[in-house]
Amino acid sequence: MKKILFTLFLSALLCTAYATVIDGINYTLDADNLTAEVNAKTSGYYRGAIEIPQTVTYQDNEYTVTAIGEKAFRQCSALTSVSLPSTITRIDKFAFAECTSLTTISLPAGVDFIGDYAFAHSGITHIITSGDMFAYMPESYSGAYTIPDSIKRICGAAFIGCSRLSSLTIHNQVEYIGYAAFSSCRSLTSIVIPNSVTYLGEYAFEECMSLTDVKLPDNLDTIRYCAFYQCASLPSVDIPASVRNVGRYAFCYCPSLVTVKSFATNPPQCGEYAFDQIGANPTLFVPHGCSSSYRSAAEWKNFAPRIYEMGGAAVGDAVNQGVQVFGSCGHIMIEGAEGESLAVYSADGKMVGSVDHAATVQKIDIPGSGVYFIRFANGETKRVVVK
């Protein structure tokens with residue numbers, strides 16, 4: 001019995017955080033640092049106008065209010081205004097999510113952390129930034145937008161549900177794109193993610209249904225879970241040589257995705273269903289000499305037998321813009337000439353293959369290595385060297 005009492009006494013001594021309610025606002029108090037965090041009500045929701053003080057007093061100790069806790073005001077649909085003190089430095093995830101009657105909020109200059117979904121699906125009608133963070137774009141925003149030069153971090157769910165965002169420019173200072181940052185931006189048709197970005201969060205571009213063109217950064221290490229899940233219009237994607245991991249469901253349910261180019265010499269590790277439910281008969285292009293390793297790698301091997309090496313080099317880029325030609329392993333692969341008539345000639349002028357209506361990715365067998373010429377119906381020509 002004495003041992004039990006001693007244990008309880010010791011636990012009480014070690015417990016330095018207290019939950020309390022002061023003037024109708026719930027707090028967690030940190031007795032070690034004398035700081036306070038605003039929390040959700042234990043029952044019911046905050047309503048009307050809320051003014052959060054800089055300090056609160058509890059048992060003769062003064063605590064500085066420094067944080068808005070996780071889900072503190074989430075779904076407080078009758079919350080109409082909130083005043084934050086200058087002492088706030090942290091706003092945790094979902095803090096003001098789904099506060100549909102809250103139309104404006106002013107963040108103190110000292111806020112240096114904003115969690116995922118902090119303002120998502122709220123009624124706030126203005127853009128929210130803090131320091132180098134972009135935290136929130138109203139879902140009603142329509143048209144093009146350029147991320148300000150001062151921004152390095154696009155917070156989780158910052159643009160979620162901006163279904164009328166038509167185009168986006170991200171400058172080369174942004175380093176971080178958070179969880180679901182652009183989820184359900186259904187009018188967005190193309191995106192260039194600059195090379196400065198080293199972190200691309202889960203669900204980053206999920207359900208961007210109109211997205212047809214994506215440029216991934218050259219320094220990206222990981223394409224995370226569901227990053228491009230259900231991008232229904234995306235026809236192709238180039239995976240940079242730097243990528244080592246492609247997460248589960250990363251490109252799942254992209255029914256238009258028929259061409260994937262991976263520039264990594266070692267097949268990136270793929271999570272389950274990374275390319276599940278994509279377009280019919282998809283084609284994978286890989287670096288020269290790497291097809292055998294991709295054919296035996298988990299998930300990648302599902303592209304077989306349509307795995308081709310990018311061993312040829314096409315020249316004449318000013319001719320037939322948008323058409324790409326690769327040659328290797330007894331084949332020439334022509335991409336981007338859909339519906340065109342074309343013929344392939346060897347260096348001695350002998351026609352070795354032709355097609356009247358090229359497919360999106362057209363395969364033509366050739367007798368071996370060497371120099372070949374692809375002649376289009378308009379008389380223009382591309383040259384390819386097949387190793």
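Above this text you will find the structure in question.
To keep things clear, this report deals only with the structure shown in the data block. Because the structure is a prediction, the values reported are computed rather than measured.

Basis of the calculations
- Residues numbered from 1 in each chain as written.
- Predicted model: local features only at pLDDT ≥ 70, side-chain atom pairs only at ≥ 80, totals over all residues.
- Heavy atoms only, no water.
- Phe/Tyr/Trp six-rings, centres within 6.5 Å; stacked < 30°, edge-to-face > 60°.
- Helix = DSSP H or I, 4+ residues; strand = E, 2+ residues; numbered from the N terminus.
- Buried < 20%, exposed > 50% of the residue type's maximum accessible area, 1.4 Å probe, protein only.
- Polar contact = N/O pair within 3.5 Å; in protein donor to acceptor, adjacent residues only side chain to side chain.
- Contact = heavy atoms within 4.5 Å.
- Pairing = 2+ DSSP bridges.
- Axes fitted to C-alpha atoms, helices over the stretch in contact; angles between N-to-C directions.
- Salt bridge = Lys/Arg side-chain N within 4 Å of Asp/Glu carboxyl O.
- Core = buried A, V, L, I, M, F, W, Y, C linked by side-chain atoms within 4.5 Å.

### So, the packing of aromatic side chains
Given two aromatic rings, their pairing is described by the distance between the two centres and the angle made by the two planes.
Here is step 1: Within this structure, the stated rule accounts for 28 aromatic pairs.
Here is step 2: Relative to Tyr58, the ring of Tyr18 has its centre 6.1 Å away and its plane inclined at 40°; by these criteria the two rings are tilted. Separated by 40 residues along the polypeptide, Tyr18 in strand S1 (residues 17–22) and Tyr58 in strand S5 (residues 55–58) bring together distant segments of the chain.
Here is step 3: Overall, the relative accessible area of 31% leaves Tyr18 in the partly exposed class.
Here is step 4: Residue classification places Tyr58 among the partly exposed residues on the basis of a relative accessible area of 21%.
Here is step 5: With centroids separated by 5.4 Å and ring planes inclined at 50°, the aromatic side chains of Tyr179 and Tyr203 adopt a geometry described as tilted. Placement of the pair is Tyr179 in the loop between strand S15 (176–177) and strand S16 (190–192) and Tyr203 in the loop between strand S17 (199–200) and strand S18 (213–215), with a sequence separation of 24 residues.
Here is step 6: According to the relative accessible area criterion, Tyr179 is partly exposed, its value standing at 29%.

### Details of the environment of Glu335
Here is step 1: Residue position: Glu335 is located in strand S28 (residues 331–335).
Here is step 2: According to the relative accessible area criterion, Glu335 is buried, its value standing at 11%.
Here is step 3: For Glu335 and Ala359, which are 24 residues apart along the polypeptide, the C-alpha to C-alpha distance reads 8.1 Å.
Here is step 4: Side-chain polar atoms of Glu335 contact the side chain of Lys261, separated by 3.1 Å.

### A closer look at the side chain of Lys261
Here is step 1: Residue position: Lys261 is located in strand S22 (residues 259–262).
Here is step 2: By relative accessible area, Lys261 is classed as buried at 2%.
Here is step 3: If we skip the residues at most four places from it in the chain, Lys261 touches Val237, Asp238, Ile239, Phe285, Met310, Gln324, Phe326 and Glu335.

### Side note on the sheet that holds S17
Here is step 1: If you walk across this open sheet you meet the five strands as S10-S11-S13-S15-S17, and the pairing is mixed. At either end of the open sheet lies a strand with only one pairing partner, and these are strand S10 (128–130) and S17.
Here is step 2: Where strand S11 (residues 133–136) meets strand S13 (residues 153–154), two bridges bridge the pair, whose relative direction is parallel. The partner of Phe134 across the bridge, within S13, is Ile154.

### Section: the sheet that holds S28
Here is step 1: Read across the sheet, three strands follow the order S27-S28-S31 without closing on themselves; strand pairing throughout is antiparallel. Edge positions in the open sheet fall to strand S27 (324–328) and strand S31 (361–365), since each of these has one partner strand only. Adjacent strand axes in the sheet meet at a mean angle of 20° when their direction is disregarded.
Here is step 2: When S27 meets S28, the two strands line up antiparallel, connected through five bridges. Following the sheet pairing, Ser328 is matched in S28 by His331.

### Comments concerning the pattern of salt bridges
Here is step 1: The full count for this structure, using the stated rule, is seven salt bridges.
Here is step 2: Residue Lys261 is joined to Glu335 by a salt bridge in which the shortest nitrogen-to-oxygen separation is 3.1 Å. Of the two residues, Lys261 sits in strand S22 while Glu335 sits in strand S28, which places them 74 residues apart along the sequence.

### Re the pairing of S28
Every regular strand shows the same layout, with side chains that alternate between the two sheet faces.
Here is step 1: Here S28 lies mainly inside the structure; five of its five residues are buried.
Here is step 2: On S28, burial covers both faces: His331, Met333 and Glu335 on one face and Ile332 and Ile334 on the other are all buried.
Here is step 3: Relative to S31, S28 runs antiparallel, the two being bridged by five bridges. Pairing of Ile332 across the sheet is with Ile364, part of S31.

### Quick look at the nonpolar core
Here is step 1: Of all hydrophobic cores here, the largest spans 56 residues; its most connected members are Phe159 and Phe275.
Here is step 2: Counting only elements with at least two residues in this core, the list comes to strand S14 (164–169), strand S20 (236–239) and strand S24 (283–287).
Here is step 3: Not counting residues within four places of it along the chain, the set of residues in contact with Phe159 comprises Phe134, Met137, Tyr145, Ile147, Ile154, Leu165, Leu168, Ala181, Phe182, Ser183 and Cys185.
Here is step 4: In terms of nonpolar packing, the next biggest core, distinct from the first, is built from 37 residues, Leu29, Ala36, Ile114 and Phe119 among them.

### Quick notes on the side chain of Ser291
Here is step 1: Residue position: Ser291 is located in helix H2 (residues 291–295).
Here is step 2: Of the residues examined, Ser291 reaches a relative accessible area of 12% and is grouped as buried.
Here is step 3: At a separation of 2.6 Å, a polar atom in the side chain of Ser291 contacts the side chain of Glu309.
Here is step 4: When residues no more than four places from it in sequence are discounted, the contact partners of Ser291 are Val286, Ile307 and Glu309.

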